[in-house]
Amino acid sequence: MHTVPGRRSRAPRRVLAATTATAGLLLVAACTSTGNGGSGGKTAAGGVQLVKAGQLTTCTHLPYPPFQSEINGTVQGFDVSMIDLVAKDLGVKQQILDTPFENFKTGAFLNSGECDLAAAGMTITAERKKNVDFSDPYFDATQALLVDKSSGVTSLADAKAKKVKLGAQAQTTGEDYAKKQGFDPVSFESSDAVLNGLRTGQVKAVIIDYPVVQGWLKDKANANAFKLAANINTGEQYGFTVKKGNTKLLAAINKAIKDAKADGTYKKLYEKWIGPYDQSAASPSAS
């Protein structure tokens, strides 16, 4: 996801996504603004200025399960649930805009005032920090090498030796990593397109974020056709982003992350959306 594991590019279109939901969790966003006045009612709790009154507007890039994807008509996932916690603290409701991934690297939709923050399984990088301010890390990310079982590939070195056609998601650290390892990867616009490339035989192996692979392999058909050949620890971490200088919203996001880890909410969300909880994910090292 997310250069990143970080993610993707897409055709330049923007879609207003459905209002978020936490799918059965008790922690849901409040439906009304606290309305402290100022900026036409766009001031939320803690003096946080919002681009639209009564809502926390989040830019994302769909689909990217298990972090964000449309399920039963609402956008849901780990990132969505984490930002719902921020919205709850601010006394507003989260609303999501589906936008091209390249905008997250430049901060375009934050700078134009269309979104308050971006939550898109995005890896924290020095290059991106030039354009946006990142929250504290909220997720330790690794890459995975997923291969077609018929390929016989057992590792990245094996894939290179066998000259296997490799795929990756465009504009991601997975793609960057593949190039650094001497591959000329086939670029796909989204995680769905990456999986379809494997299914149709366009590629025999892909490098993509491990949580995405975890989700794919929960499907029996995928598990029968593909296998995890290797985990690749690149030391990457995900962060949420705000417009540079938006210190009050950044503080609210960091508080929500910290509180969720302290009171057990983070663990519940992790187990719901990602899988078995890894304690190291709760206290990631500094990026």
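Since the model is a prediction, treat every value here as computed from it, not as a measurement. Sequence order as written defines residue numbering, which begins from 1 separately in each chain. Restriction of local features to residues with pLDDT of at least 70 applies here, the model being predicted, together with a cutoff of 80 or more for giving and counting side-chain atom pairs; totals for whole chains, interfaces and linings are based on all residues. Values reported for side chains reflect all heavy atoms of the structure, with hydrogen atoms and water molecules removed beforehand.

**Digging into the state of the cysteines**
We count it as follows: Defined by distance alone, a disulfide is two cysteine sulfur atoms within 2.5 Å. The secondary structure listing takes helices from DSSP runs of H or I that are at least 4 residues long and strands from runs of E that are at least 2 residues long, numbered from the N terminus. Working definition: with a 1.4 Å probe on protein chains only, accessible area under 20% of the residue-type maximum means buried, over 50% means exposed, and in between means partly exposed.
Counted according to the given criterion, the structure contains one disulfide. Two residues, Cys 59 and Cys 115, share a disulfide whose sulfurs are 2.0 Å apart. Between Cys 59 and Cys 115, the disulfide has an S-S torsion of 65° and is therefore right-handed. You can see Cys 59 sitting in strand S2 (residues 55–60) and its partner Cys 115 sitting in the loop between helix H3 (108–111) and strand S6 (117–118), a full 56 residues away along the chain. Exposure remark for Cys 59: the relative accessible area of 2% places this residue in the buried category.

**A look at the pairing of strand S11 (residues 205–209)**
Where a strand is regular, its side chains alternate between the two sheet faces. Defined as follows: By this definition, two strands are paired if DSSP reports at least two bridges between them.
Judged by how many residues are buried, S11 sits mostly within the fold: five of five residues are covered. Pairing between strand S8 (residues 139–148) and S11: five bridges, direction antiparallel. Pairing of Gln 143 across the sheet is with Asp 209, part of S11. Strand direction decides the pairing type here: strand S9 (residues 166–169) and S11, joined by three bridges, are parallel. In the sheet register, Ala 168 faces S11, and the bridge partner there is Ile 207.

**Let's talk about the packing of helix H1 (residues 78–90) against helix H10 (residues 247–263)**
The line we're drawing: Geometry is summarised by axes, namely lines fitted to C-alpha atoms with helices restricted to the contacting stretch, and by angles between N-to-C directions that run from 0 to 180 degrees. Comment on the angle field: the value is read as roughly parallel under 35 degrees, roughly antiparallel over 145, roughly perpendicular from 65 to 115, and oblique elsewhere. In this scheme, a crossing is called left-handed if the near helix is turned counterclockwise away from the far one by less than a right angle; it is called right-handed if the turn is clockwise. Should any heavy atoms of two residues lie within 4.5 Å, those residues are considered in contact.
Remark: H1 packs on H10, axes separated minimally by 9 Å, with the N-to-C direction vectors making an angle of 115°. For the element pair H1 / H10, the angle class is roughly perpendicular. Viewed along their axes, H1 and H10 form a crossing whose handedness is right-handed. On H10, the residues that touch Met 82, Leu 85, Val 86, Asp 89 and Leu 90 of H1 are Leu 249, Ala 252, Ile 253, Ala 256, Ile 257 and Ala 260.

**Description of the packing of aromatic side chains**
Going by this rule: Between the rings of Phe, Tyr and Trp (Trp by its six-membered ring), a pair exists once the centres lie within 6.5 Å; its type follows the angle of the planes, with under 30 degrees stacked, over 60 edge-to-face, and the other angles tilted. Charge over a ring is defined by NZ of Lys or CZ of Arg lying within 6 Å of the ring centre and within 35 degrees of the ring normal.
One pass over the full model with this rule turns up 13 aromatic pairs. A cation sits over an aromatic face here: Lys 261 above Tyr 266, 5.2 Å from the ring centre. The residue whose ring lies beneath Lys 272 is Trp 273, and the NZ or CZ to ring-centre distance is 4.9 Å.

**Observations regarding the sheet that holds S9**
Across the sheet, five strands lie side by side as S10-S9-S11-S8-S12; this open sheet has mixed pairing. Two strands bound the open sheet, and with one partner strand each, they are strand S10 (186–188) and strand S12 (226–238). The mean inter-strand angle of the sheet, taken between neighbouring strand axes irrespective of direction, is 25°. As judged from the nine bridges shared by S8 and S12, these two strands associate in the antiparallel manner. The residue bridging Leu 145 from the neighbouring strand is Ala 230, located in S12. Sheet strands in contact with helix H7 (residues 191–199) are S8, S9, S10, S11 and S12, and its direction is about 160° off that of S11.

Function cannot be inferred from these measures alone, as they are strictly geometric.
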